[in-house]
Amino acid sequence: MNIKATLLWTLLVLRCGAADGSILYRVQEEQPPNTLIGSLAADQGLPDSGHLYKLEVGSPYLRVDGKTGDIFTTEVPIDREALRDCRTLLKGKPCYLEFEVSVTDLIQNQSPRLIEGRIEVQDINDNTPQFLSSVLTISVPENTHMGALFSIPVATDKDSERNGVADYALAAGPDATTLFGLQVAEDRGEKLPQLIVLGPLDREAKDSYDLTIKAVDGGHPQRYSSALLRVVVTDANDNTPKFERSSYEAEVQEKSPVGHSVLQVKANDYDMGPNGEIEYTLHQALDPVPKVLRIDRSTGIIYVKGPLDREEIESLSFYVVARDKGPQPKSSKAFVTIEVSDQNDNAPTVEIRGIGLVTHSDGVANISEDMPVGTAVALVQVSDRDKGENAVVTCVVAGDVPFQLRPASDSSSDNKRKYFLQTTTPLDYERVREYRVAIVAVDSGNPALSSTNSLKVQVMDVNDNSPIFSPTRFEVDFAEENQPGERVLNVIAVDADSGTNAELIYSIVADSSIKGLFEIDPNSGEVRARSPLDREQREHYEFRVTAADKGSTSHKGTATVVIRVLDRNDNDPKFMLSGYSFSVLENMPPLSPVGMVTVMDVDKGENAHVHLSVEPDGGKFVVQNGTGTILSSISFDREKEGSYTFRLKAVDGGDPPRSSYVGVTINVLDENDNDPVVTKPANFSFRRLSPLATPDSHVEVVEAEDLDSGPNAELSFSLTGGNPYQLFHISPTNGEITLAKELTRKHGGLHRLVVQVSDRGKPARHTTVLVHIYVNETISNVTVVESLVGHSIYTPLDRDIAGDPDNGFAAQRSNILFGSLAGIAGVVMLILAVVFIRHRIHRETKSGYQAGKKESKDLYAPNKQAPKNSKGKRGKKGKPSKSPKPLGEEEEVSLQKSLKFNLDGVSDSPRIHLPLTYSPGSPDIGRHYRSNSPLPSIQLQAQSPSASQKHQAVQDLPATNTFVGTGGDDNSTGSDHYSDYSYKTGQSKYNTKQKKKEEEEEEEEEEAESLGFSLSADVWRRGAAAERPGETVEGC
């Protein structure tokens, strides 16, 4: 089909008013889905709102829009050739598709109106002409005269006449073009192809010819098909059979028995013998002709072959061919029409179906009891397939029921009538709940036939009752940590109505806070928890449930559901922090609180009762249950242990119990409980300072440490005494002592600086150290300086020691004396010194130190003149002079008291060794030697300074001040520390040689004393030490 034709026919819909007042539409077949066929609202003048249009007849080819009444095609195409009512139509007759639409006024609530109509399905050229066979054979005698015609089997086309076979064409080869031609005749609108003989035929020369016949329809575009036409040349047969009439018509009653003769056709042939014997056949008869009729091949009588039903086949049309039996048979054909007459063999049909809003299911119609009188319950269609009087039907409602029939359409025919089955009185559900309505239909045949159909009408209860819960408040206890979908409770409501009005649907009316937590079975009312509940998040839920019936106008009832969530031990005790760290001061008394922890258990009851314990339980800490307070069982000493780490365990009272742990760290804060300790210099050391030193020259550095930490260990240095001339300055931060101003002659000698080292604690703690500075060019006699330092140790701190003019003169005199002695004595003194020292070393090695030996009364004053009796001579008996008598215990105690020493706690005090036998002014000949003899020990104990104590300088000295520093040129060189040795008694007697040697040494010593030397072995040792490089000497 070309584009022009498509535009011409697609969506072509025409409306025509039929003679019976019904609606008629026209539409081409094979239209796509949703093609608009017609609009009932517009065509019938009905409004397009407030009405309900429903297709009653016409499915599955049609659909109707419920609001507008527009009729559309569906997915099932309308095929004219496949429609049941169009398959047996004679050519030229239109094809109709009937439809029915009910229209219900929704505003007025009136009974439906039925609209009937037909759709003329117009043919399109969708079928191709077809020959019965692809090879067609006809026989032509060889003596046929030119111009003779022979019938060619026709082609058929399922389309209508316009699109049916319109023409034929013949194609021949070069050898047949001059012998055969084609002529197309027309009979009753049918095209009949005929073969024309154009030239002489000679069977002996050629006995057959193959031609091509083509059939073309009249559609646009045209459709065609071809077949092979084989012409067989036979011997001569002069005459063709000829029917007495060109067409025959007959009538046969339906239900005629098989073998009943309907009609006889007769043809004559004037030939003789087989050429004149005629045989009859049905020519190209289409279904259903071959199924219901047969023809006697010899007599031409047509018999009933199969059952005839006028309701299926109203007429039969076909050709009968008469053919002689000659070697080259000739034939002719006649057209036969047989009408099937009606018999009253069909009882009326009563069809009951829903109408409008009333639907039927399994022969049951439901109608509400409150519907008004005249409400249509069903559409009743009564029809009879018979014809004429046999199809005139009378229809009534049997029995005493409140229903009647009312004609539904004015256009009904005699054999098809439609009625509304409507109510005549109000219906009462409480009185009669259902009716069985029987409809009887009787036709007018003789004898009359009837049929009955019934409809069960159920009166629907009006939904005038609401569901009621009993009770209206449901309370339930439900444990937390439930499984999803676990049942909580069942709620039940009842409805006094019946049917769907009493069928309830349960639902939950929940706010956003509980949405999704609970669900209810809509049919049973079982409330379930959709997810696990957590009492710690929420322990009380309250919501409403509703029960709604299934009535058309639903009624609802409500109830309240209260769910109390019971606790389970599903939570561990939880500390507020992931770890605790507390800081406490040291020296706190035991059982002091050191911190507090907070532990919570969001469970309830015993599940939330928490017990705390310390792990590992080392006995150092305990924890109070209830308050979470951590107590110490010990007193802290930061210097011993600065922090403690342990775990707290929290166990709840659930079954089984749950527990958790937390780490605890106790940091011990420092308390200022340690005095600074001076590590350098020692109290008994000294530093030589040249008189030529310039201001800001480095003199000494005081070094100290504090076992505390933080500010308690930050030290500051200050000069608290011994600096009357402001010669020295000490750095408060690093303890460096520097010269503040130039030195003068009067500044020569020993200076004692009292340095106080303090920490920054609150209250601050301090210690005191003595720094001795000897101002001189050189140190010619270390013993002299050491005696000065020793004297300084026992001098009260409130007295300044800052240079000594006499000390310089004595040193000068000592130097002159030493030079004179060196010149006079010479080598003899050196020898005597060597002999004397060796003798002393040997004797002291054997006998050791004699505790309590009496010393010179003047411990510190230089010997101005040697004793007169010390002349180096023996006694009258030639015996060596006696050694001084050792001091007794009482004398030693009195000496200590005269020095005002505080000897309390001697056992813990550092030991300070002081030389008690040397004279500061004596020549230091013994400095070249070192004595290993221990010296008397006096023990001092450091105490806090007190204004009431006279010798606070010594009492302030810490234990570490006994440490001996090592120095360079100006650093003091200390002696070894010696413990106190007791006097060893019971020594073996000297032999003669030893005794003689001792006597010689004693004589040498007496001679040295006669020269003014009052020296002890220790002085000789210090003299030797002074000769070493470095002029700073530590007294001990």
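Residues numbered from 1 in each chain as written. Predicted model: local features only at pLDDT ≥ 70, side-chain atom pairs only at ≥ 80, totals over all residues. Heavy atoms only, no water.

Chemist: Residues and numbers for the overall build of the protein, please.
Modeler: Within the protein, the secondary structure is distributed over ten helices and 64 strands. When the 1036 residues of the protein are sorted by exposure, 44% land in the buried category. Contacts in the protein between residues far apart in sequence, at least 24 positions, make up 71% of those at least 6 positions apart. For the protein, the exposed surface amounts to about 52900 Å²; the carbon and sulfur share of it is 50%. (Helix = DSSP H or I, 4+ residues; strand = E, 2+ residues; numbered from the N terminus. Buried < 20%, exposed > 50% of the residue type's maximum accessible area, 1.4 Å probe, protein only. Contact = heavy atoms within 4.5 Å. Areas by Shrake-Rupley, 256 points an atom, 1.4 Å probe, with all protein chains shown as cover.)

Chemist: How would you explain unusual backbone geometry if you had to name every residue and give the values?
Modeler: Cis rather than trans, the peptide bond between S59 and P60 has omega equal to 10°. Position of P60 relative to the elements: it lies in the loop between β4 (51-57) and β5 (62-64). Of note, the bond from S470 into P471 is cis; its omega dihedral lies within 30 degrees of zero at 0°. Among the secondary structure elements, P471 is positioned in the loop between β34 (468-469) and β35 (473-479). Positive phi, close to 55°, is recorded for D362, a residue that is not glycine. Locating D362 in the fold gives a position in the loop between β26 (360-361) and β27 (364-368). Positive phi, close to 70°, is recorded for D696, a residue that is not glycine. Residue position: D696 is located in the loop between β53 (686-689) and β54 (698-701).

Chemist: For a nonpolar patch on the surface, give the residues involved together with the corresponding values.
Modeler: Taken together, I468, I492 and V494 make up a surface patch of nonpolar side chains, about 310 Å² in accessible area. By the element assignment, V494 lies in strand β37 (residues 493-494). Note on V494: relative accessible area 55%, which makes it exposed. (Patch = residues over 30% accessible without salt bridge, like charges linked within 9 Å, V, L, I, M, F, W, Y side chains within 5 Å. Salt bridge = Lys/Arg side-chain N within 4 Å of Asp/Glu carboxyl O.)

Chemist: Please provide a residue-by-residue account of the packing of aromatic side chains, values included.
Modeler: What the rule picks out here adds up to 17 aromatic pairs. Taken together, a centroid distance of 5.4 Å and an interplanar angle of 75° make the contact between F518 and Y541 edge-to-face. Of this pair, F518 sits in strand β39 (residues 518-520) while Y541 is found in strand β41 (residues 540-549), placing the two residues 23 residues apart along the sequence. Judged by relative accessible area, F518 falls into the buried class, the value being 8%. An angle of 75° between the planes, with centres 6.3 Å apart, marks the rings of F575 and Y580 as edge-to-face. For the pair F575 and Y580, a shared accessibility class is recorded, and that class is buried. Through pairs of rings, three or more aromatic residues link up here, namely F621, F636, Y644 and F646. (Phe/Tyr/Trp six-rings, centres within 6.5 Å; stacked < 30°, edge-to-face > 60°.)

Chemist: Help me get a handle on the sheet that holds strand β42 (residues 556-566), residues and values and all.
Modeler: Strand order across the open sheet formed by four strands is β35-β42-β41-β38, with mixed pairing between neighbours. Where the open sheet ends on each side, the last strands, each with one partner, are β35 and β38 (504-509). When strand polarity is set aside, the average angle formed by the axes of neighbouring strands in this sheet is 30°. Direction of pairing for β41 relative to β42: antiparallel, over a ladder of nine bridges. Each bridged residue has a counterpart across the sheet, and for R544 the counterpart in β42 is T560. (Pairing = 2+ DSSP bridges. Axes fitted to C-alpha atoms, helices over the stretch in contact; angles between N-to-C directions.)

Chemist: Would you mind going over the confidence of the model for the protein in detail, with residue names and values included?
Modeler: Do not read the fine detail of predicted coordinates wherever pLDDT is low. Predicted confidence across the protein gives a mean pLDDT of 77, with 76% of residues reaching 70 or more. Low pLDDT (under 50) marks residues 847-993, which in the prediction has 285 contacts with non-local residues, meaning those over four places away or in another chain. (pLDDT = per-residue confidence, 0-100.)

Chemist: Can you break down the side chain of D386 residue by residue, with the values?
Modeler: In this structure, D386 sits in the loop between β28 (376-383) and β29 (393-398). No salt bridge is formed by the buried D386. Its closest oppositely charged neighbour is R310, at 5.2 Å. A distance of 3.4 Å separates the side chain of D386 from the backbone nitrogen of D345, its partner in a polar contact. (Lys, Arg positive; Asp, Glu negative; His and termini not counted. Polar contact = N/O pair within 3.5 Å; in protein donor to acceptor, adjacent residues only side chain to side chain.)

Chemist: Tell me about the sheet that holds strand β3 (residues 36-39), and name the residues and values.
Modeler: The three strands are arranged β3-β6-β5 in an open sheet whose pairing can be described as antiparallel. Both outer strands of the open sheet, β3 and β5, are each paired with one neighbouring strand and no more. Across the sheet, the mean angle from the axis of one strand to that of its neighbour is 20°, orientation sign disregarded. Direction of pairing for β5 relative to strand β6 (residues 70-73): antiparallel, over a ladder of three bridges.

Chemist: Kindly report on the pairing of strand β60 (residues 766-775), identifying the contributing residues and their values.
Modeler: By the criterion of burial, β60 is predominantly enclosed, with nine of the ten residues buried. Summarising the sheet, strand β59 (residues 749-759) and β60 pair through ten bridges and their orientation is antiparallel. Across the sheet, residue H751 finds its bridge partner in β60, namely I773. Between β59 and β60, which pair antiparallel and follow one another directly, the connecting turn spans six residues.

Chemist: I'd like to hear about the environment of D65, residue by residue, with values.
Modeler: In this fold, D65 is placed in the loop between β5 and β6. C-alpha of D65 to C-alpha of L52: the two residues are 13 residues apart in sequence and 8.8 Å apart in space. Those residues in contact with D65 that sit more than four places away from it in its chain are Y53, D70 and F72. A distance of 3.1 Å separates a polar atom in the side chain of D65 from the backbone nitrogen of T68.

Chemist: Which residues make up the pattern of salt bridges, and what are the values?
Modeler: All told, the structure shown has 43 salt bridges when counted by the stated rule. Here R310 and E314 are joined by a salt bridge, their closest N and O atoms 3.6 Å apart. Judged by relative accessible area, which is 5%, R310 ranks as buried. The salt bridge partner of E526 is R487, with a shortest N-O separation of 3.9 Å.

Chemist: Would you mind going over helix α4 (residues 782-793) in detail, with residue names and values included?
Modeler: The end-to-end C-alpha distance of α4 is 17 Å, a good match for the 16 Å that twelve residues give at a rise of 1.5 Å each. Among all positions in α4, only V782, T783, V784, V785, E786, S787, L788, V789, G790, S792 and I793 are buried. N-capping of α4 is provided by N781, with a side-chain oxygen placed 3.1 Å from the backbone N of T783. (Expected span 1.5 Å × (residues − 1).)

Chemist: Go over the environment of I505, please, and point to the residues and values.
Modeler: Along the chain, the position of I505 falls in strand β38. Spatially, the C-alpha atom of I505 lies 9.7 Å from that of I520, the residues being 15 residues apart in sequence. Every residue in contact with I505, bar those within four places of it in the chain, is listed here: P522, T546, A547, A548 and K550.

Chemist: Which residues make up the environment of R436, and what values do they have?
Modeler: Structurally, the position occupied by R436 is in strand β32 (residues 434-443). Exposure remark for R436: the relative accessible area of 51% places this residue in the exposed category. Residues R436 and S454, spaced 18 residues apart in sequence, show a C-alpha to C-alpha distance of 6.7 Å.

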